[in-house]
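Chain residues, written in single-letter form:
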Amino acid sequence: MADPLPLAPGLGDQRASGAVLDCWRSDGAAAAARQLKIQLAKQDRQQGGSSADPLLAELALRLEGRSGPRLLVDGLWFCRPFGGISRVWEQILDCWSLPGLVTNSAPVALIERNSHLALSASFPNLQGAGVDPLDPEAVAALAPENSALLKGWRADVFISSWISSSGPERPSCPELALVHDCLPERYGVAAPLAQLRRRWLKGATAHLAVSAATAADLEVLLSRPTGSLSWCHPAPAPLFGAPLQGPRGDRLWAKLIQRSGLQQPYLLLPATSAIGSYKNPELVAEALADPQLAPLQLVLCGIAAEQRCRELEQRFPHLGGRCLAAGFTDLELALAYHHALAVVIPSRAEGFGLPAVEALASGATVLVADSPGLREAGGSAALRFHPQRPGELAALLALLLDPTSGWLQPHLACRRQKRLAPLHADLIGLALLALARRLAP
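Overview of the structure. A quick note: this is a predicted structure, and the numbers were derived from the prediction, not measured.

**Some words on the overall build of the chain**
1) Next: The helix and strand inventory of the chain stands at 18 helices and 13 strands.
2) Next: Projecting the C-alpha coordinates of the chain onto the three principal axes gives extents of approximately 65 × 50 × 45 Å.
3) Next: A separation threshold of at least 6 residues defines the contact pool for the chain, and within that pool the share at least 24 residues apart is 71%.
4) Next: A total of about 18400 Å² of accessible surface is found on the chain, and carbon and sulfur atoms cover 54% of it.
5) Next: Averaged over its 40 positive side-chain charges, the chain has a centre that lies 4 Å from the centre of its 39 negative ones.

**Section: the sheet that holds strand β9 (residues 297-301)**
1) Next: Across the sheet, six strands lie side by side as β10-β9-β8-β11-β12-β13; this open sheet has parallel pairing. Unpaired on one side and paired on the other, β10 (323-326) and β13 (383-385) mark the two borders of the sheet. Strand-to-strand twist in this sheet, taken as the mean axis angle between neighbours without regard to direction, amounts to 25°.
2) Next: Where strand β11 (residues 342-345) and strand β12 (residues 366-369) come together, three bridges link them in parallel fashion.

**Brief notes about helix α10 (residues 246-260)**
1) Next: Over its 15 residues, α10 runs 21 Å from end to end, which matches the ideal 21 Å to within 8%, given 1.5 Å per residue.
2) Next: Against the buried residues of α10 lie β8 (266-270), β10 and α13 (330-339).
3) Next: Backbone geometry just downstream of α10 places Gly-261 in the positive-phi region, at approximately 85°.

**Re the pattern of salt bridges**
1) Next: Summed over all chains, the structure comprises 20 salt bridges.
2) Next: For Arg-437, the salt bridge is made with Glu-58, and the minimal N-O distance between the two is 2.6 Å. Pair noted here: Arg-437 is in helix α18 (residues 427-439) and Glu-58 is in helix α3 (residues 54-63), with a separation of 379 residues, a long-range link. In this pair, the class of Arg-437 matches that of Glu-58, namely buried.
3) Next: For the salt bridge of Asp-74 with Arg-113, the shortest nitrogen-to-oxygen distance reads 2.8 Å. A residue pair is termed long-range when its members are at least 10 positions apart, and Asp-74 in strand β1 (residues 71-74) and Arg-113 in the loop between β2 (108-112) and β3 (125-127) qualify at 39 residues.
4) Next: Taking the relative accessible area as the measure of exposure, Arg-113 reaches 1% and is therefore buried.
5) Next: Here the salt bridges share partners, and the residues they tie into one network are Arg-25, Asp-94 and Asp-426.

**Looking at the sheet that holds β3**
1) Next: With parallel pairing, seven strands are arranged side by side in an open sheet as β3-β2-β1-β4-β5-β6-β7. Each edge of the sheet is formed by a strand with only one pairing partner; in this case those strands are β3 and β7 (230-231).
2) Next: Sheet topology places β2 next to β3; three bridges connect them, and they run parallel. From the neighbouring strand, Leu-110 faces β3, where its bridge partner is Asn-125.
3) Next: Most of the contacts of α18 go to strand β5 (residues 175-179), to which it runs at about 155°, and overall it touches β1, β2, β4 (157-160), β5, β6 (206-209) and β7.

**Regarding unusual backbone geometry**
1) Next: Omega for the peptide link from Gln-264 to Pro-265 comes to 0°, which places this bond in the cis form.
2) Next: Relative to the helices and strands, Pro-265 is located in the loop between α10 and β8.
3) Next: At Asn-114, a position not held by glycine, the phi torsion is positive, near 65°.
4) Next: With respect to the element layout, Asn-114 can be found in the loop between β2 and β3.
5) Next: Within the chain, Ser-223 stands out as a residue other than glycine whose phi angle is a positive 55°.
6) Next: Within the secondary structure, Ser-223 is located in the loop between α9 (212-221) and β7.
7) Next: Classification of Ser-223 as exposed rests on a relative accessible area of 66%.

**Thoughts on the packing of aromatic side chains**
1) Next: Summed over the entire model, instances satisfying the criterion amount to six aromatic pairs.
2) Next: For the ring pair Tyr-187 and Tyr-278, a centre distance of 6.0 Å and an interplane angle of 20° mean the geometry is stacked. Of this pair, Tyr-187 sits in helix α7 (residues 183-187) while Tyr-278 sits in the loop between β8 and α11 (281-287), and the two are 91 residues apart along the sequence.
3) Next: Using a relative accessible area of 25% as the deciding quantity, one classes Tyr-278 as partly exposed.
4) Next: Connected via pairs of aromatic rings, a cluster forms that spans Phe-78, Trp-89, Trp-96 and Phe-123.
5) Next: Stacked on the ring of Trp-153, the Lys or Arg Arg-70 has its end atom at 4.1 Å from the ring centre.

**Quick look at helix α17 (residues 408-420)**
Each α-helix turn comprises 3.6 residues. Residues three or four places apart therefore point the same way.
1) Next: For α17, spanning 13 residues, the distance from its first C-alpha to its last is 18 Å, which sits close to the expected 18 Å at 1.5 Å a residue.
2) Next: All of the buried residues along α17 are Leu-408, Leu-412, Arg-416, Arg-419 and Leu-420. Viewed end-on, α17 has its buried residues packed into an arc of 80°, placing them on one side of the element. For α17, the exposed residues set more than 90 degrees away from the buried face come down to Cys-414, Gln-417 and Lys-418.
3) Next: The inward-facing, buried residues of α17 contact α14 (354-361), α15 (374-378), β13 and α16 (390-401).

About the thresholds
- Residues numbered from 1 in each chain as written.
- Predicted model: local features only at pLDDT ≥ 70, side-chain atom pairs only at ≥ 80, totals over all residues.
- Heavy atoms only, no water.
- Helix = DSSP H or I, 4+ residues; strand = E, 2+ residues; numbered from the N terminus.
- Contact = heavy atoms within 4.5 Å.
- Areas by Shrake-Rupley, 256 points an atom, 1.4 Å probe, with all protein chains shown as cover.
- Lys, Arg positive; Asp, Glu negative; His and termini not counted.
- Charge placed at Lys NZ, Arg CZ, Asp CG, Glu CD.
- Pairing = 2+ DSSP bridges.
- Axes fitted to C-alpha atoms, helices over the stretch in contact; angles between N-to-C directions.
- Expected span 1.5 Å × (residues − 1).
- Salt bridge = Lys/Arg side-chain N within 4 Å of Asp/Glu carboxyl O.
- Buried < 20%, exposed > 50% of the residue type's maximum accessible area, 1.4 Å probe, protein only.
- Phe/Tyr/Trp six-rings, centres within 6.5 Å; stacked < 30°, edge-to-face > 60°.
- Lys NZ or Arg CZ within 6 Å of the ring centre and 35° of its normal.
- Arc of directions from axis to C-beta.

The structure is reproduced here in structure tokens:
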């Protein structure tokens with residue numbers, strides 16, 4: 001089974017752009033310019049002199065110091081420091097912070113709305129109203145302010161990743177939507193949010209999705225041709241790729257066990273939600289009714305983990321005394337991933353499933369529901385189960401507990417390495433810059 005591509009084919013070859021970005025990050029812009037020449041020459045030989053792909057073309061323009069569109073980003077979601085959307089924005093802002101990538105002749109500014117992302121301070125900030133991004137009426141009321149900020153800063157393109165727009169009824173400039181998922185459209189939401197999402201998605205001039213699955217959902221929603229929308233996978237933060245080992249890691253792990261109450265063997269269920277939601281935690285609870293799995297502790301982390309633990313214990317009495325809510329720092333989360341018997345993500349659908357690749361990067365055994373987004377995130381490195389068949393999950397967990405299953409881990413380790421190798425944390429930020437250039441008047 002082939003692993004999914006990390007980048008829409010129309011955006012180019014991620015290996016070539018990744019090589020230039022790696023060189024830029026490690027050795028500076030001059031070295032990146034030399035690497036760009038190497039990659040362009042290689043493409044000329046392979047493609048018979050055809051034009052460069054869009055991401056290499058964008059890199060060439062920025063390395064040459066060419067002028068570019070003035071981009072204004074609504075930092076609406078930056079007030080929420082946790083979750084997948086925030087992690088993706090950290091990657092984007094880190095990419096844009098490469099010295100010389102964003103300049104006065106091709107600038108980026110952020111609308112400041114009580115940001116909790118440290119990197120937002122690296123860019124010009126335009127003060128905007130602070131609102132709860134989950135309050136659709138408050139977000140809708142921001143449109144006139146956005147329009148005024150765009151005009152005052154003379155922005156060419158407006159970028160948003162969460163239901164905010166450049167004008168109440170119609171765009172006041174080209175809009176680029178970074179779309180993390182179409183889950184509200186799949187499962188239904190109340191009218192105010194549905195209307196606002198419709199305005200955001202249909203009013204955008206262009207879209208960048210975080211996965212091919214989300215791009216396909218968007219194409220159906222917007223009645224676009226199959227394969228017409230761009231997408232780019234986010235990557236795990238470097239911290240997840242290097243969980244601490246050796247004496248220091250052992251000490252941190254011992255302290256974490258003592259503080260949190262973790263008991264091995266355990267399952268880690270990250271970023272879950274209520275019973276009956278698309279996150280599907282009840283399937284894991286049903287699987288753990290299997291007597292073979294009685295030794296397993298169920299560990300929940302993320303927002304409202306304690307509430308979710310109580311709900312599961314009340315609904316499934318066999319979880320009494322086996323369910324633990326834990327709060328982790330990112331470093332602790334990497335360690336918890338690494339030492340878990342398995343990290344389980346049972347969602348019926350996800351936009352991408354960033355926790356799956358973070359867990360893989362931490363060296364975890366990852367089990368995912370065979371559902372949109374998660375198939376793409378885990379690729380061949382994650383074991384899959386049907387999202388409505390707890391028996392399939394129970395059988396996989398029993399296999400992992402079986403002391404004769406030692407052959408499996410080296411096999412999965414090879415698959416993890418293969419799955420993670422193409423993912424590059426800077427590509428999604430570069431893809432936004434390239435798409436924004438297309439939109440500029």
